[in-house]
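# Chain and residue survey
Each chain, letter by letter, is given below.
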Amino acid sequence: MGDTEDSDSHASAWLAARGWQPFAFQREVWQAVAQGRSGMLHATTGAGKTYAVWLGMLDALLQRSRQRGAGGRKLESDPNSGRLAADLSVIWLTPMRALASDTAKALAQPLHDLAPKWTIGLRTGDTPTAERAKQDRRMPTVLVTTPESLTLMLTRENAREVLAGVQYVVVDEWHELIGSKRGVQAQLALARLRRFNPRLVTWGLSATLGNLEQAMHVLCGPAEDPPPRLVRGRIDKTLIIDTLLPPDPGKYTWAGHLGAGMQLPVVEEIARSGTTLVFTNVRSQAEIWYQLLLQARPEWAGSIALHHGSLDKGTREWVEQGLKEGSLRAVVATSSLDLGVDFLPVERVLQVGSAKGVARMMQRAGRSGHAPGRPSRVTLVPTNTLEIVEAAAARHAAQAGRVEQRAAPDKPLDVLVQHVVTVALGGGFRADDLFEEVRSAWSYRGLTRAEFDWVVAFCERGGDSLGAYPEYHRIVPDAEGVYRVPDRGVAKRHRLGVGTIVSDAAMHVKYLTGASIGTIEEGFIARLRPGDCFFFAGKLLEFVRVREMAAYVRKATRNKGTVPAWMGSKMALSAELSEAVLELMQGAARGEFPDPELQAARPMLLTQQRLSKIPTPDTLLVETYESREGQHLYLYPFAGRNVHLGLASLLAWRLAREQPNTFSMSINDYGLELVSASPFDISPVTSQAIFSDENLLHDVLASLNSGELKQRRFREIARIAGLVSTGYPGQPKSARQLQASSALFYEVFRKYDAGNLLLNQAENEVLGQELELARLAATLRRMRTRQVAFAPLRHPSPMSLPLMVERFREKLSTETLAARLERILRDMEADVGA
């Protein structure tokens, strides 16, 4: 490709014309691209990753076009005088449709200056049919798309002809895709493109990732030659992480107890700042905080906005445009604004509640100061006193570079079933060739031939139990052994189902006039009765009726309503952040409170030390307490709520096995509570014998309603594998219909096709993803090695009270809970003050 000086000449000149100088890491990427090497670029948000990769690829394409001419045609001698249009050469994959438009605009600037006849296009679920048809006649030089839309292109009979000329693929925000089935879908699509063009160059962009080397190999494939290049973009970018401290956090705490009290401090921060993003972890919390801001400052109506994934597309685009123009004072958002859309006017980021992970916090911080040389600032807003400690721990972990790792799923067969039908539609395949191609994708590097043959046979005949049903004979080999999809109905259903990896069981919310407001989970709507009111999209709405998978509403006249509770509403504390919290607590146990946050939390920590003990990395705190409810047992492994859910069920089952009993449970990110009306022997806990990981799989499955968990997980697997259809446009199926269909398949496979590998996958996903079995086993091992710090309690401690409140909330009204807490706190204050 020529030496480095020549290869980056166009890129350097384009930057220089704007008064910019390339960073060293950008030149490093240009050099690697010029050498035909794939790789991954890891740099902070706003550092210039897009231009680092894009200018290098554009430069290489321009050199190639000068030598050969676009599409094999000779170009005019002056490369800028009349370049002919080039065939599709670059695919830019983005995880979100919302990013596609901004990405295309960023790529278009140098493209139009350096190659004015070359074109750029968008292809996502939002692309109009007319634009798709135009692309089908002539593809643009550069295509910005999503994994789902790329997979749909692979289902076309002429997929090889259209895509064989692709020379470069960029996967933006790779950290968002790598750990999901959408990332696996991208891996398989890349493996297909490499089969079309073995010299394909692939680059990933990431800002927050702990396992960079592995993430690069997941993207580029386990056998990439030449070896991929990892480039770390080190530039001087200031990251400010501070905490908005409450005036009096108190000695005791529970989930959300500081939340509303932070309303005015948050309002004051927004008032004295430029454009501010207020992040919450869940959509329901975003709705609540939007209302809190309007209550405090009604005059801000119209200058503050709400943004989350359930809102109507038009509303989201209006908010995003207001952020870009700087016309909005503040936007309350969820992860829908986490990713790399550029909002240059954003000056501050406020994170309400713990971000629960270092990577998530840093990603959100990067939404402010989104340009080289500008500082990024995130201010953490704790909603309880333990989150004040988490805030300090998050800052320490970020400064030490302790960022969470993300692992790719291991050979999910539902995605492979979908891919096999995709390839059969897209020109067909021979089994031996496709087996080798699939194994070149990282997630399937350990795929056995027996597993692959089962998948092909399942697509061909529907397995051992669906052979009598022609609609499940999706692929058929011809006389030459090439598998294709002969049935047009199967082909249509498959293309409609390609996007189901990201679909949710959601209903449209509409006014009676038919105007769309957004989408909401079907389970929430199912609990409403006509006349019930709820907050959504920043408005108080009255539920009227459900018709054809839409919930119809009107503006409510009452002033009270509930907030939708979406599924997956609570994130688990990451292992990295848990360890950082325990390290700070160890210092507090020694009387060290160096951070402003620890000074604020000092009364709570000292009260914990007086009534009980402070947890540390080397100890396992075990507390017991007697009340009118019975005997309470508290443990604090600091392993996150997902692990604690499985752990609480496991320990309750093992205790009851030794001595029949019934337990109530409560969990949070720090620990768990077991309560029984009857006394029970805690010696298996204090001796640590109960923490054995022997027979762990059997005991976990026995302690849970694992059949129900597996059935729920199987619904997603059946949808992705194309067993159940989400319906045709205008005729969608409800979540209840999908559950009924998938439940029928589940029972049929269980009874008549016991070797069905999709059933095994459902169990593995429940254990690995919902219960985090590997982390549960590691937690049990740590619990055995830590020294037990046993503390019998006279009153609930500051660590145990939040667990007690979590359980109370499930059975007490708000007023009764408040009275109960007031009595508990009064008794504790009297004892501590004695």
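This one's a predicted model, so the numbers in the text were calculated from it and none came from an experiment. (Residues numbered from 1 in each chain as written. Predicted model: local features only at pLDDT ≥ 70, side-chain atom pairs only at ≥ 80, totals over all residues. Heavy atoms only, no water.)

Time to look at the confidence of the model for the protein chain. Residues at a pLDDT of 70 or more form 87% of the protein chain, whose mean pLDDT is 84. Note that residues 565-569 has pLDDT below 50 and, in this model, 13 contacts with residues that lie over four places away or in other chains. (pLDDT = per-residue confidence, 0-100. Contact = heavy atoms within 4.5 Å.)

Residues Tyr168 and Val170 line one face of strand E5 (residues 168-171) and the alternating positions Val169 and Val171 line the opposite face, and both faces are buried. By the bridge criterion, 4 bridges tie strand E2 (residues 90-93) to E5 in an arrangement that is parallel. Paired with valine 90 across the two strands is tyrosine 168, which belongs to E5. Two strands pair when backbone bridges link them, and E5 and strand E6 (residues 201-206) are joined in this way by 4 bridges, in the parallel orientation. (Buried < 20%, exposed > 50% of the residue type's maximum accessible area, 1.4 Å probe, protein only. Helix = DSSP H or I, 4+ residues; strand = E, 2+ residues; numbered from the N terminus. Pairing = 2+ DSSP bridges.)

So, on to the pairing of strand E22 (residues 630-635). In terms of residue burial, E22 counts as a mostly covered element, since 6 of its 6 residues are buried. Here strand E21 (residues 619-627) folds back onto E22, and the loop between the two strands holds 2 residues. In this sheet, strand E24 (residues 672-676) lies alongside E22 in antiparallel orientation, the contact comprising 5 bridges. Residue pairing across strands places leucine 633 opposite leucine 674, the latter belonging to E24.

This next bit is on the sheet that holds strand E13 (residues 376-381). Judged by pairing direction, the sheet is parallel, and its 6 strands sit side by side in the order E8-E13-E12-E9-E11-E10 without closing on themselves. The outermost strands of the open sheet, each flanked by one partner alone, are strand E8 (239-243) and strand E10 (304-307). Pairs of neighbouring strands in the sheet enclose a mean axial angle of 20°, with direction left out of account. Where strand E12 (residues 348-352) meets E13, 4 bridges bridge the pair, whose relative direction is parallel. Within the sheet, the bridge partner assigned to leucine 350 lies in E13 and is threonine 379. The strands touched by helix H13 (residues 283-296) within the sheet are E10, strand E11 (330-333) and E12, with E10 carrying the most contacts at an inclination of about 170°. Seen against the sheet, helix H16 (residues 385-399) touches E8 and E13 and runs at an angle of roughly 165° to E8. (Axes fitted to C-alpha atoms, helices over the stretch in contact; angles between N-to-C directions.)

With 65 residues, the main nonpolar core has Leu277, Val331, Met361, Met585, Leu605, Phe638 and Leu801 as its most contacted residues. No other element matches H16, which puts 9 residues into this core. Apart from the residues lying within four places of it in its own chain, the contact partners of methionine 585 are Leu386, Leu605, Ile614, Pro615, Phe638 and Met799. Residues Val417, Trp454, Leu466 and Val490 belong to the second largest nonpolar core, which totals 46 residues. (Core = buried A, V, L, I, M, F, W, Y, C linked by side-chain atoms within 4.5 Å.)

Where side chains of opposite charge bring their charged atoms close, a pairing between them can arise. Counted by the stated rule, this structure contains 38 salt bridges. The partner of glutamate 157 in a salt bridge is arginine 484, with the nearest N and O atoms 4.0 Å apart. With glutamate 157 in the loop between helix H7 (147-154) and helix H8 (159-163) and arginine 484 in strand E15 (residues 483-484), this pair connects stretches of sequence that are 327 residues apart. The class of arginine 484 is partly exposed, set by a relative accessible area of 34%. (Salt bridge = Lys/Arg side-chain N within 4 Å of Asp/Glu carboxyl O.)

A few words now on the packing of helix H26 (residues 696-703) against helix H30 (residues 773-785). Running from N to C, H26 and H30 point in directions that differ by 110°, and their axes come no closer than 12 Å. With respect to H30, the element H26 is oriented roughly perpendicular. Once H26 is placed against H30, the crossing between them reads as right-handed. For the pair formed by H26 and H30, the contact residues are Leu696, Leu697 and Val700 on the first element and Leu773, Leu776, Ala777 and Leu780 on the second. Class assignment of the residues belonging to the contact of H26 with H30 gives a composition of 7 nonpolar, no polar and no charged. (Parallel < 35°, antiparallel > 145°, perpendicular 65-115°, else oblique. Left-handed = near helix turned anticlockwise from the far one by under 90°. Nonpolar A, V, L, I, M, F, W, Y, C, P; charged D, E, K, R; others polar.)

Attention shifts here to the packing of aromatic side chains. For any pair of aromatic rings, the description consists of the separation of the ring centres together with the inter-plane angle of the planes. Throughout the structure, instances matching the rule amount to 13 aromatic pairs. Between tryptophan 14 and tryptophan 20, the ring centres sit 6.2 Å apart and the planes meet at 70°, which makes this aromatic pair edge-to-face. According to the relative accessible area criterion, tryptophan 20 is partly exposed, its value standing at 41%. Here the aromatic rings of phenylalanine 23 and phenylalanine 25 are separated by 5.8 Å at their centres, their planes lie at 10°, and the arrangement is stacked. Connected via pairs of aromatic rings, a cluster forms that spans Trp454, Phe458, Tyr472, Phe714, Phe745, Tyr746 and Phe749. If you follow arginine 445 out to its NZ or CZ, it ends over the ring of tryptophan 442, 4.0 Å from the centre. The ring of tyrosine 552 carries the charged tip of arginine 545 above its face, separated from the ring centre by 5.5 Å. (Phe/Tyr/Trp six-rings, centres within 6.5 Å; stacked < 30°, edge-to-face > 60°. Lys NZ or Arg CZ within 6 Å of the ring centre and 35° of its normal.)

Moving on, we get to unusual backbone geometry. One non-glycine residue, lysine 356, lies in the positive phi region at around 70°. You can see lysine 356 is positioned in the loop between E12 and helix H15 (358-365). Of note, the phi angle at phenylalanine 638 is positive, near 55°, even though the residue is not glycine. Here phenylalanine 638 shows up in the loop between E22 and helix H24 (641-658).

Relative to the elements of secondary structure, aspartate 699 occurs in helix H26. Exposure remark for aspartate 699: the relative accessible area of 4% places this residue in the buried category. Engagement of the side chain of aspartate 699 in a polar contact is seen with the side chain of arginine 654, the distance being 3.0 Å. If sequence neighbours within four positions are ignored, aspartate 699 has contacts with Leu650, Trp653, Arg654, Arg657 and Glu694. (Polar contact = N/O pair within 3.5 Å; in protein donor to acceptor, adjacent residues only side chain to side chain.)

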